[in-house]
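# Chain and residue survey
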Amino acid sequence: MNAQHYRSLLPRNDQRVYDRILESWKNKCETVVIEPPCSTHNRIETIVEYVAFDHPAMFHVDYYHFEQTISLFYTKLTFRFFHSREQIFKAERDIERWVEYVSIHLPIQARQQDKLWLIYDYIARQVSYQERGHGLSHTILGCLPQHGHGAVCEGISKAFKLLCDVANLPCIIASGFVTNNGRRERHAWNMVEINGVVRHIDVTAEIIHAQLSGKADQLSFLKRDVDMQGYQWESQCLPVCA
């Protein structure tokens, strides 16, 4: 499983656009100029979402809303950042400390599955499902202690992927829908690879149980496609969990 899974789904020309957007975001640039001009607006929306899913550390970008200007010579994308440059740098330091704290509690010689479990259990016990203002709940920042350990499924799945990436555990974000009590809602969770086998992990679904009992269980950990009853996703975008 590729850490940049969604980039690997794109044709070469769209990968060029992806790389240009990612470079600008890393450099804290709100404006991205792509030469020569690129795809349609709908295609650009897909590429932007793919960059955000592959790179959860790009917490400062409101990738849901952006302006697009197309000329004969270039395409210009203008994004809105949730934070000032100073706030971004401070938040990046907070993230580094958080990642370091979690990493030192992962035994070096532990099996991949055991490391995945430790990350899963930690987030499930520490993070509450709650919406916060200013976009924090949809980013990894919502999961940090400095920001109250509160996030929605998108922020939770991004935090899980970030910690897995740092621990060299193959992980991607999965996006689709889940139906609960007859209500169909958008949802995000994760998929991981262990010894060539891909499985689903939904930390958000485990949070209530983990916080009531003090520890996570196996209900939403390492599931096959057939076990994901009530979930829907675009199968052409995600690997098979047989």
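What comes next is a walk through the structure. In this text the structure is predicted, and so the values were computed from the model without any measurement.

Turning next to the nonpolar core. Within the largest apolar cluster, 75 residues are counted, with the highest numbers of intra-cluster contacts made by Ile21, Trp25, Phe79, Trp98, Ile123 and Phe160. The element that contributes the greatest number of residues to this core is helix H3 (residues 41–54), accounting for seven residues. Once you skip the residues sitting within four places of it in the chain, Trp25 turns out to touch Val48, Val51, Ala52, Met58, His60, Val61, Tyr63 and Phe79.

A few words now on helix H6 (residues 153–166). Counting along an α-helix, one turn takes 3.6 residues, and residues three or four places apart therefore face a common direction. Between its terminal C-alpha atoms H6 stretches 20 Å, which fits the 20 Å expected from 14 residues at 1.5 Å a residue. Along H6, 12 of the 14 residues are buried, which leaves the element largely enclosed by surrounding structure. Among the residues of H6, those classed as buried are Cys153, Glu154, Gly155, Ile156, Ser157, Lys158, Ala159, Phe160, Lys161, Leu162, Leu163 and Cys164. Looking one or two places after H6, you find Asn168, whose phi comes out positive at around 60°.

Let us now look at the packing of helix H5 (residues 112–126) against helix H7 (residues 203–213). Put simply, H5 and H7 touch, their axes get as near as 7 Å, and they point 65° apart. Seen along the crossing, H5 lies across H7 with a hand that is right-handed. Here Tyr120, Ile123, Ala124, Arg125 and Gln126 of H5 lie close against H7, whose contacting residues are Val203, Glu206, Ile207, Ala210 and Gln211.

Rules used throughout
- Residues numbered from 1 in each chain as written.
- Predicted model: local features only at pLDDT ≥ 70, side-chain atom pairs only at ≥ 80, totals over all residues.
- Heavy atoms only, no water.
- Core = buried A, V, L, I, M, F, W, Y, C linked by side-chain atoms within 4.5 Å.
- Buried < 20%, exposed > 50% of the residue type's maximum accessible area, 1.4 Å probe, protein only.
- Helix = DSSP H or I, 4+ residues; strand = E, 2+ residues; numbered from the N terminus.
- Contact = heavy atoms within 4.5 Å.
- Expected span 1.5 Å × (residues − 1).
- Axes fitted to C-alpha atoms, helices over the stretch in contact; angles between N-to-C directions.
- Left-handed = near helix turned anticlockwise from the far one by under 90°.

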